[in-house]
Amino acid sequence: MAEMVKLFVNGEEVEVEEGKNLIDAIGAVGIEIPHLCYHPALGADGNCRMCLVGIEEGRPPVVPACKTPAREGMRVQLDTDVIKKIQRDIMEFELINHPTDCPICDQAGECKLQDYYMEVDLQDSRMRVPQVQKSKNLDFGCGVVHDQERCVLCGRCVRFTRQITKTGELGIVNRTDTARVNIFPGRPLNNRYALNIVDICPVGAMTSKDFRFKQRVWFLKKDKGICHGCAKGCNIFIDHNREKYKDDIIYRFRARQNDLVNGYFICDQGRMSYKLENENRLTVTRIDGAEADFADGVQRIQQQLSMAQKPLLLVSPNSTLEQQWSVKRIATLFGATCSGYSDAYIKEGDGDDYLISDDKSANRKGLQLLEIDSDKESFEKALKGCDLLVSFDNDLFMFDKNSEFKALVESKKLLSISSHDNAMTKASLVALPVLSYSEYDGTIVNEDGVLQTFRKAVRKNEEAVDILEVTRMLGGAVRDKEQAWPGMRTTVNVLADIQSDQIPAEGLQLPESEEAHVSA
Ligand code: SF4
Ligand code: SF4
Ligand code: FES
């Protein structure tokens, strides 16, 4: 536990963490010190001078907040004439050659230059000489587009490629008003995290080729979510919008800080996986390949389950704990085997030693906690012997289109409850649409044993239902997410003392030794 100290900001006493730099220490109590080059993941560079603050009776009296640790009794001044003049001067300096093309800039609305102009500057330009022209629309690779005219040379992007990805593709070349951020000739960005540069650039100098000109950011609803691109479970913002007469669409995922899981960054593949939430969705019920009513689809599944001698229910490693639990419960109800077999979600060798995992599912740990057997041999045995296979959003051919089980699966009577239209739904007698993870609430456990909750973000015009609702319609006792918890608590020791509504925002690290320990 960090030591706390009392200091004064503009004469008011605040309690902050000792030794943290003033930007972070004072920022933690809701007072922002303007800054451009400092980023908590990249450390202090001290090049922009936007963060200069006064220290009453300090030697020196003006210091960069990014490089000054908080100490007991410090008297920090943010509102003196000297500090305000420094901030205006820095802003004037930053804006001398800035194109001020906010109306066509993607960053408008979330740009530090715009914010600080409004907060501390508000002066007309005094420049009467032509602005220095620089290059625009430079394709830096990995979907990153650079505008040299908008750049304030804070160096965050350069430090990101040196300190975080350690690939060093970017540099600042030349000096004074000929200084530019650039790639080396013929050496574009080439790493799996490059799009984080777009997030950390404080202005609109680094933009995403994918997102450019698609939306004004103030129209976007920015909900918190968890990436389901792999077992890391990185925290994201789901930025979405329902335009007039259209459906609610996700326009981008952005990294959301969580020190327990992903720090400040996410991978590019996860970031771009927002498209999978928009595309190729199963939107209508199909029975024998023909469009049908949802209720008829449920009824047909119920009939088939009641008639089957040896049904096999397949749970998805992407489903929430609550969904997995409710499917396990109805498996008992229908005397079915319940399997979480999902080797198709594993891309051997694709992971790295930073965030990306080989396992492209979000909640395989959940299957382990709930003791849902995911073993290949037992699945194969159950599949061979079953007379009905019901998949709850488990795509057996996800990354394995030529699965050894394909012919066998297709020879079975197959029913699919699925968020997406895929080879499984196409081969199914009944295909029933359900919500995908950006559209429901739930709890998942990442590969490191961190239990995290997430909330519904997207609301489609024609909403499907959650898997939980389907299991309830099939006769299950679990009606909603909350009703799954008492049962899970009494069965899974490690969840015994957890109240689902009290899981901290950053998640809860489950004790390692007990993760898979299930009581009888
Ligand atoms: S491109 Fe953005 S992050 Fe990079 S130096 Fe310029 S302003 Fe800073
Ligand atoms: S590392 Fe995994 S969870 Fe994190 S953003 Fe990438 S795909 Fe998503
Ligand atoms: S943030 Fe301190 S000098 Fe740039």
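All values reported here derive from a predicted model rather than from experimental measurement. (Residues numbered from 1 in each chain as written. Chains lettered and ligands numbered in written order. Predicted model: local features only at pLDDT ≥ 70, side-chain atom pairs only at ≥ 80, totals over all residues.)

Details of the site of ligand 2
Then step 1. Close contacts around ligand 2 come from 14 residues, with Cys-227, Gly-229, Cys-230, Cys-234 and Gly-270 the closest.
Then step 2. Of the residues that make up the shell around ligand 2, three or more belong to each of domain 3 (218–278) and domain 4 (285–514). (Near = placed C-beta within 6 Å. Domains from an automatic or database assignment.)

Examining the site of ligand 1
Then step 1. Around ligand 1 lies a shell of 13 residues, among which Cys-151, Cys-154, Cys-157, Cys-201 and Ala-205 are the nearest.
Then step 2. Here the shell around ligand 1 is composed, by residue class, of 11 nonpolar, 1 polar and 1 charged. (Nonpolar A, V, L, I, M, F, W, Y, C, P; charged D, E, K, R; others polar.)

Section: the domain arrangement of the chain
Then step 1. Considered domain by domain, the chain is made up of domain 1 (4–79), domain 2 (102–208), domain 3 (218–278) and domain 4 (285–514).
Then step 2. If you average the C-alpha positions of domain 1 and of domain 2, the two centres end up 25 Å apart.
Then step 3. Across the side of domain 1 that touches domain 2, the residue classes tally to 6 nonpolar, 2 polar and 1 charged.

Remarks on the confidence of the model for the chain
Then step 1. For the chain, per-residue confidence averages 95 on the pLDDT scale, and residues scoring 70 or more make up 98% of the total.
Then step 2. Low pLDDT, under 50, characterises residues 515–520; the predicted model gives this stretch 16 contacts beyond four residues in sequence or across chains. (pLDDT = per-residue confidence, 0-100. Contact = placed C-beta atoms within 7 Å.)

Digging into the environment of Asn-394
Then step 1. Along the chain, Asn-394 turns up in the loop between strand E18 (388–392) and helix H12 (406–411).
Then step 2. Counting along the chain gives 80 residues from Asn-394 to Leu-314, while the straight-line C-alpha distance between them is 6.5 Å.
Then step 3. Look past the residues within four positions of Asn-394 in its chain and what remains in contact with it is Leu-314, Val-315, Ser-316 and Ser-342. (Helix = DSSP H or I, 4+ residues; strand = E, 2+ residues; numbered from the N terminus.)

Observations concerning the environment of Arg-75
Then step 1. By the element assignment, Arg-75 lies in strand E5 (residues 75–77).
Then step 2. You can call Arg-75 partly exposed: it has 14 C-beta atoms within 10 Å.
Then step 3. Sequence separation between Arg-75 and Glu-56 is 19 residues; the distance between their C-alpha atoms is 5.4 Å.
Then step 4. If we skip the residues at most four places from it in the chain, Arg-75 touches Phe-8, Ile-55 and Glu-56. (Buried ≥ 20, exposed ≤ 12 C-beta atoms within 10 Å, placed from the backbone.)

A look at unusual backbone geometry
Then step 1. A cis amide bond links Arg-59 with the next residue in sequence, Pro-60, at an omega value of 5°.
Then step 2. Tracing the backbone through its elements, the reader meets Pro-60 in the loop between strand E3 (52–55) and strand E4 (62–64).
Then step 3. Backbone geometry at Cys-142 places phi at a positive 55°, although glycine is not the residue there.
Then step 4. The class of Cys-142 is partly exposed, set by 19 C-beta atoms lying within 10 Å.
Then step 5. Despite not being glycine, Thr-176 has its phi angle at roughly 45°, a positive value.

Concerning the sheet that holds strand E23 (residues 508–509)
Then step 1. In spatial order, the strands read E21-E22-E23; together these 3 strands make up an open sheet with antiparallel pairing. Both outer strands of the open sheet, strand E21 (442–445) and E23, are each paired with one neighbouring strand and no more.
Then step 2. Bridge analysis of E21 against strand E22 (residues 450–454) gives 4 bridges, and the strand direction is antiparallel. Note that in E22 the partner of Ile-444 across the bridge is Gln-452. (Pairing = 2+ DSSP bridges.)

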